[in-house]
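Descriptive structure summary
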Amino acid sequence: MILRRDAPFTQVVVPDHKELDRGTLRAIIRQTGLSVDEFIKLI
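In this text the structure is predicted, and so the values were computed from the model without any measurement. (Residues numbered from 1 in each chain as written. Predicted model: local features only at pLDDT ≥ 70, side-chain atom pairs only at ≥ 80, totals over all residues. Heavy atoms only, no water.)

Turning to the pattern of salt bridges, a few remarks are in order. In total, this model carries 1 salt bridge according to the counting rule given. Between R4 and D6 there is a salt bridge; the shortest N-O distance is 3.3 Å. No difference in accessibility class separates R4 from D6, as the two residues are exposed. (Salt bridge = Lys/Arg side-chain N within 4 Å of Asp/Glu carboxyl O. Buried < 20%, exposed > 50% of the residue type's maximum accessible area, 1.4 Å probe, protein only.)

Here it is, written out as structure tokens:
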């Protein structure tokens, strides 16, 4: 899945799997500019 925001433009690719590897998830979080703690607060 490609998640996209237009203003400001940002695009993140997230695999469409039932489970994600821990390293894959951390890499996706890093691409968004969030820390792991910030991400956890959002979910």
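This part takes up unusual backbone geometry. Cis peptide bonds are those with omega within 30 degrees of zero, and the linkage from A7 to P8 qualifies with -15°. As for its placement among the helices and strands, P8 is situated in the loop between β1 (2-5) and β2 (10-13). (Helix = DSSP H or I, 4+ residues; strand = E, 2+ residues; numbered from the N terminus.)

Quick look at the pairing of β2 now. The pairing of β1 with β2 spans 4 bridges and is classified as antiparallel. Counted as the bridge partner of R4 is Q11 from β2. (Pairing = 2+ DSSP bridges.)

Here the focus is the environment of M1. Note that M1 resides in the segment before β1. In this structure the C-alpha to C-alpha distance between M1 and V36, which are 35 residues apart in sequence, comes to 21 Å. If sequence neighbours within four positions are ignored, M1 has contacts with V12, V13, V14 and D16. (Contact = heavy atoms within 4.5 Å.)

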